[in-house]
There are 2 protein chains.
Amino acid sequence: IIRLFMNKSTGNLIFTLTPARSIEDIVSSHTGGKIFIITDSNCLDLCVRPLLAETPSLEKARVIVTAPGDENKNLTSLTQIWSELQSGGATRNSLVINIGGGVVTDMGGFAAATFKRGVEMVNVPTTLLSAVDAAVGGKTGINFNGFKNELGSFYPANEVVISTCWFDTLPHEELLSGYAEMLKHGLLEGDEEINMLLDYDVAEANAEKLLPLLQKSVEVKRRVVEEDPYEHGIRKALNLGHTAGHAFESLALNSGRPVPHGYAVAWGLVVDLILSHMQLKFDSMLIHRLASFVKAHYGAPAISCDDYPEIIRLMSHDKKNVTPDRIVFTLLSEPGKVEINRVATESEIKSALDIMRDLLGC
Amino acid sequence: IIRLFMNKSTGNLIFTLTPARSIEDIVSSHTGGKIFIITDSNCLDLCVRPLLAETPSLEKARVIVTAPGDENKNLTSLTQIWSELQSGGATRNSLVINIGGGVVTDMGGFAAATFKRGVEMVNVPTTLLSAVDAAVGGKTGINFNGFKNELGSFYPANEVVISTCWFDTLPHEELLSGYAEMLKHGLLEGDEEINMLLDYDVAEANAEKLLPLLQKSVEVKRRVVEEDPYEHGIRKALNLGHTAGHAFESLALNSGRPVPHGYAVAWGLVVDLILSHMQLKFDSMLIHRLASFVKAHYGAPAISCDDYPEIIRLMSHDKKNVTPDRIVFTLLSEPGKVEINRVATESEIKSALDIMRDLLGC
């Protein structure tokens, strides 16, 4: 068990292969009030029931089960959680434990942030993607009227228990989806980190080998978030790969062939590095290495040049793009050297998409 | 115009007889994005339209009008506000201006706190009660399933523009309701302050005379909130008069004869000072002075000894009462000397209610 130091923006991070023991410690030291577990129906059998069996302090916990999937990360599910907290007698001294992927930690976190103006909360991410991304850093929220994460708040968990022990219950594409965010963190950190990640055999992922890599990755996010918890500046570094990535994700969703978030991010990283090369001379050899890795594991997005106008329109509507007439990217001059708020022209974006299609073969 | 210094927990407080000028300053220095005004249908004609006429920068502001009254401080109205912010194209750089009483600042504040994880917000309280209480200190929220302020967050306004200029549009009982919170602040502050308030002729309130008293009063709240923004300790001082007050308020509501919040607080202050005398030797002369003032302006609650069990049940369910089997009060040993979390027994509470009924004549 490794414990990273407590900070208001990211909480106390615990990396462990045996999460039950860490959760037992947390719950038994919570003397205040009732315990509530928020999870979804997928996670209930795969993760929550085994955890309950191993964790005596959770015996009296009330389990709130929501419908799974991003399409249920909405006001209806949130209202259900609020109602169950209320009917279960939650007070300001209660403890909420979110156990699940990003949908659960985002929505359970928003419920905990707003019930009686905030109760204590622990996140237990059960997917690689949520461990490396959603569970850490204080962003909570739900979708609203078709817009992603439109409502929410900054409300960091008091503790985040991160374990790789559940990842073999995940479909392989879920694991890859999380790994794309790790690639992003590697690029933000430096040469050594991104090379270590590109050398790792993600196809044969095993819990013990992955844990230290995951820890390094989460620490990158933690440092960025601590510097800028409310995303006024440098936290936008974490948007690397996401301006293009969100556009690919929305395009795929709108055409009825949705792709996992991390796949879209992996493709977005290739686009952003090509733009980084155009504007900041980012090393083209590393772009080729990353593109080969992405092509081998994530394939390519189903796009042609006919999709470019729609991709550009979607980019200009990205929430983080505060000036709708200019499209801004997070770019790198080299691994570890970030420049946020870089404007790219439509013609630069089109060229970058051309080169990406060439590299990935789409 | 008097400007109190900026603080994260309470925002920048501006006391002025000419609010339009202060709002003009704020809006014209907000270069970021669109302006949204949140108000209710009562306040629209009485306060917002005149303000718009005097404030050129608000010309393009979009006005969101909710249904008035505490019964509309609910998820339906909040959802309407969220939808109108969304359809109006609010971004993270938008500015929300809440203009109204406590319902508007609480609910508009919660909407601003949660839309895109928080946008900038200005409170413009138009009632004495909201100026002295709801608009300052960061508490936002709505009622839910019949429980008051069950959902919400701590989200202080960036600026609060406080003016007495609208108070003559209010029914006199509204003004008295706010004045009860000022009495509370006076008791929390010291002998001089409570005596000044008991000497002031609230029946002939005038905007210019009231403003400096109001400012002193808000400063008491500001200092308490800055010391303990999340109500872990000393902020409970502000609960003086409220354990009994909330019980009177709920009892009246449940019996179909609702009373204004401040009236219930005024009666609650009498109860709490009697308990303060029993437990901490609070000066009985001052209790008599306060009781005379309360009796003259607020009358007495419509209760008999048959209501005691229900009053005690309601007290034990108060949100701030975290241990439901013991009823805790904020008490004073003398004006300005607070003791929070004082437990009173049922028999002490019954005696205090007897004495209050005797003093107020009910």
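The structure displayed is predicted, hence computed values, not measured ones.

The next point concerns the overall build of chain A. When helices and strands are counted, chain A shows 13 helices and 11 strands. A compact globule built from 362 residues should have a C-alpha radius of gyration of about 21 Å, and chain A, at 20 Å, falls within 12% of that. Dimensions of chain A, computed from the C-alpha atoms along their principal axes, are close to 60 × 40 × 35 Å. Long-range contacts, defined as pairs at least 24 residues apart, comprise 76% of the intrachain contacts of chain A with a sequence gap of at least 6. If you sum the accessible surface of chain A, you get close to 14000 Å²; carbon and sulfur atoms cover 51% of it. Looking at charge distribution, chain A has the averaged site of its 33 positive side-chain charges lying 6 Å from that of its 45 negative ones.

Looking now at the relation of the copies chain B and chain A. With an RMSD of 0.0 Å, chain B superimposes on chain A once it is rotated by 180° and translated 0.0 Å along the axis. Such a combination of turn and shift is consistent with a two-fold rotation axis. With an isologous cut-off of 70% or more, the 100% of interface residues of chain B that recur at the interface of chain A puts this contact in the isologous class.

This part covers helix 8 (residues 207-227) of chain B. In an α-helix, one turn spans 3.6 residues, which is why side chains three or four residues apart end up on the same side. Residues and elements named next belong to chain B. In a regular helix each residue adds 1.5 Å, so 21 residues correspond to 30 Å; helix 8 covers 30 Å between its end C-alpha atoms and thus fits that length. Listed in full, the buried residues belonging to helix 8 are Leu210, Leu211, Leu213, Leu214, Gln215, Ser217, Val218, Val220, Lys221, Arg222, Val224 and Val225. You can read the cap of helix 8 off the contacts: a side-chain oxygen lies 3.1 Å from the backbone nitrogen of Glu208, and it is on Asn206.

A few words on the interface of chain B and chain A. Interfaces are often described in size by the accessible area the parts lose on coming together. Between chain B and chain A, the contact holds 28 residues from the first and 28 residues from the second. Together, the buried faces of chain B and chain A total about 2800 Å²; carbon and sulfur atoms form 54% of this surface. Of all residues in chain B, Gln86, Arg92 and Arg117 of chain B bury the most surface against chain A, accounting for 28% of the area lost on that side. Where chain B touches chain A, the interface holds 4 salt bridges. Among the ionic pairs, Lys116 of chain B bridges to Glu150 of chain A, the shortest N-O distance being 3.1 Å. Linking chain B with chain A are 14 residue pairs in polar contact (both at pLDDT 80 or more). Elements supplying a minimum of two residues to the side of chain B that touches chain A: helix 3 (75-87), helix 4 (102-114), strand 7 (139-144) and strand 8 (147-154) of chain B. A per-class count over the side of chain B that touches chain A returns 10 nonpolar, 10 polar and 8 charged.

Right, let's get into the packing of aromatic side chains. Throughout the structure, instances matching the rule amount to 14 aromatic pairs over all chains. The interplanar angle of 70° and the centroid separation of 5.9 Å between the aromatic rings of Phe144 of chain A and Trp82 of chain B together place this pair among those described as edge-to-face. With one member in each of two chains, Phe144 of chain A in strand 7 (residues 139-144) and Trp82 of chain B in helix 3 form a pair that bridges those chains. Judged by relative accessible area, Trp82 of chain B falls into the buried class, the value being 0%.

The next thing to look at is the pattern of salt bridges. Tallying each qualifying case throughout the model produces 34 salt bridges over all chains. Taken together, the salt bridges that share partners define one network made up of Asp70, Lys148 and Glu249 of chain A.

Attention now moves to the confidence of the model for chain A. Detailed reading of the predicted coordinates is not advisable wherever pLDDT is low. Overall, the prediction assigns chain A a mean pLDDT of 93, with 96% of residues at 70 or greater. Scored as a whole, the predicted complex attains pTM 0.92, and scored at its interfaces, ipTM 0.91.

Turning our attention to the packing of helix 6 (residues 172-189) of chain B against helix 11 (residues 284-298) of chain B. Residue and element names in this part refer to chain B. Between helix 6 and helix 11, the least distance of the axes is 12 Å, while the angle of their chain directions is 170°. Taken as axis vectors, helix 6 and helix 11 run roughly antiparallel relative to one another. Each of Leu176, Ser177, Tyr179, Ala180, Leu183 and Leu187 in helix 6 lies in contact with helix 11, whose residues at this interface are Leu286, Leu290, Phe293, His297 and Tyr298. In the contact of helix 6 with helix 11, the residues fall into 9 nonpolar, 2 polar and no charged.

The next thing to look at is the pairing of strand 9 (residues 159-162) of chain B. Residues and elements named next belong to chain B. Residues of strand 9 alternate between two faces, with Glu159 and Val161 on one and Val160 and Ile162 on the opposite face, all of them buried. When strand 2 (residues 12-15) meets strand 9, the two strands line up parallel, connected through 4 bridges. Directly across from Ile14, in strand 9, lies its bridge partner Val161. Relative to strand 9, strand 6 (residues 120-125) runs parallel, the two being bridged by 2 bridges. Opposite Val122, over in strand 9, you have Glu159 as the bridge partner.

So, on to the nonpolar core. If you look at the biggest cluster of nonpolar residues, it comprises 198 residues, and the most contacted ones within it are Tyr179 and Tyr298 of chain A together with Tyr179 and Tyr298 of chain B. Those residues in contact with Tyr179 of chain A, other than ones at most four positions away along the chain, are Leu128, Leu197, Tyr200, Val202, Leu210, Phe293 and Tyr298 of chain A.

With that settled, consider the environment of Ile355 of chain B. Residues and elements named next belong to chain B. Topologically, Ile355 is positioned in helix 13 (residues 346-360). Note: C-alpha distance between Ile355 and Val103 (252 residues apart in sequence) is 34 Å. Look past the residues within four positions of Ile355 in its chain and what remains in contact with it is Ile274 and Met278.

Residue and element names in this part refer to chain A. Along the polypeptide, Ala291 turns up in helix 11 (residues 284-298). Linking Ala291 and Ala266, residues 25 residues apart in sequence, is a C-alpha distance of 8.9 Å. Once you skip the residues sitting within four places of it in the chain, Ala291 turns out to touch Val270, Leu359 and Leu360.

Residue and element names in this part refer to chain B. Direction vectors running N to C along helix 9 (residues 242-254) and helix 12 (residues 308-316) enclose 120°, while the axes themselves pass 9 Å from each other. When the interaxial angle is binned, helix 9 and helix 12 end up oblique. Here helix 9 and helix 12 pass one another in a crossing that is right-handed. Of the residues in helix 12, those in contact with Thr243, Ala244, Ala247, Phe248, Ser250, Leu251 and Asn254 of helix 9 are Glu310, Ile311, Leu314 and Met315. In the contact of helix 9 with helix 12, the residues fall into 7 nonpolar, 3 polar and 1 charged.

What follows covers the side chain of Thr126 of chain B. All names here are of chain B. The residue Thr126 is located in the loop between strand 6 and helix 5 (128-134) in this model. Classification of Thr126 as buried rests on a relative accessible area of 4%. Among all residues touching Thr126, those that are not within four sequence positions of it are Cys43, Cys47, Ile99, Gly100, Gly101, Trp166, Phe167 and Leu170.

Attention now moves to the state of the cysteines. Inspection of the entire model under this criterion finds 0 disulfides over all chains. Free of any disulfide, Cys165 of chain A has its nearest cysteine sulfur in Cys47 of chain A, 7.6 Å distant. Given a relative accessible area of 29%, Cys165 of chain A falls into the partly exposed group. With no disulfide of its own, Cys305 of chain B lies closest to Cys362 of chain B among cysteine sulfurs, the gap being 11 Å.

On to unusual backbone geometry. Residue and element names in this part refer to chain A. Even without a glycine there, the phi angle at Asn341 is positive, about 55°. Within the secondary structure, Asn341 is located in strand 11 (residues 337-344). Given a relative accessible area of 40%, Asn341 falls into the partly exposed group.

Cut-offs applied
- Residues numbered from 1 in each chain as written.
- Chains lettered and ligands numbered in written order.
- Predicted model: local features only at pLDDT ≥ 70, side-chain atom pairs only at ≥ 80, totals over all residues.
- Heavy atoms only, no water.
- Helix = DSSP H or I, 4+ residues; strand = E, 2+ residues; numbered from the N terminus.
- Rg over C-alpha atoms; globule rule 2.2 N^0.38 Å.
- Contact = heavy atoms within 4.5 Å.
- Areas by Shrake-Rupley, 256 points an atom, 1.4 Å probe, with all protein chains shown as cover.
- Lys, Arg positive; Asp, Glu negative; His and termini not counted.
- Charge placed at Lys NZ, Arg CZ, Asp CG, Glu CD.
- Least-squares fit on C-alpha atoms with pLDDT ≥ 70 in both.
- Expected span 1.5 Å × (residues − 1).
- Buried < 20%, exposed > 50% of the residue type's maximum accessible area, 1.4 Å probe, protein only.
- Polar contact = N/O pair within 3.5 Å; in protein donor to acceptor, adjacent residues only side chain to side chain.
- Buried area = accessible area lost by both parts, 1.4 Å probe.
- Salt bridge = Lys/Arg side-chain N within 4 Å of Asp/Glu carboxyl O.
- Nonpolar A, V, L, I, M, F, W, Y, C, P; charged D, E, K, R; others polar.
- Phe/Tyr/Trp six-rings, centres within 6.5 Å; stacked < 30°, edge-to-face > 60°.
- pLDDT = per-residue confidence, 0-100.
- Axes fitted to C-alpha atoms, helices over the stretch in contact; angles between N-to-C directions.
- Parallel < 35°, antiparallel > 145°, perpendicular 65-115°, else oblique.
- Pairing = 2+ DSSP bridges.
- Core = buried A, V, L, I, M, F, W, Y, C linked by side-chain atoms within 4.5 Å.
- Left-handed = near helix turned anticlockwise from the far one by under 90°.
- Disulfide = S-S within 2.5 Å.

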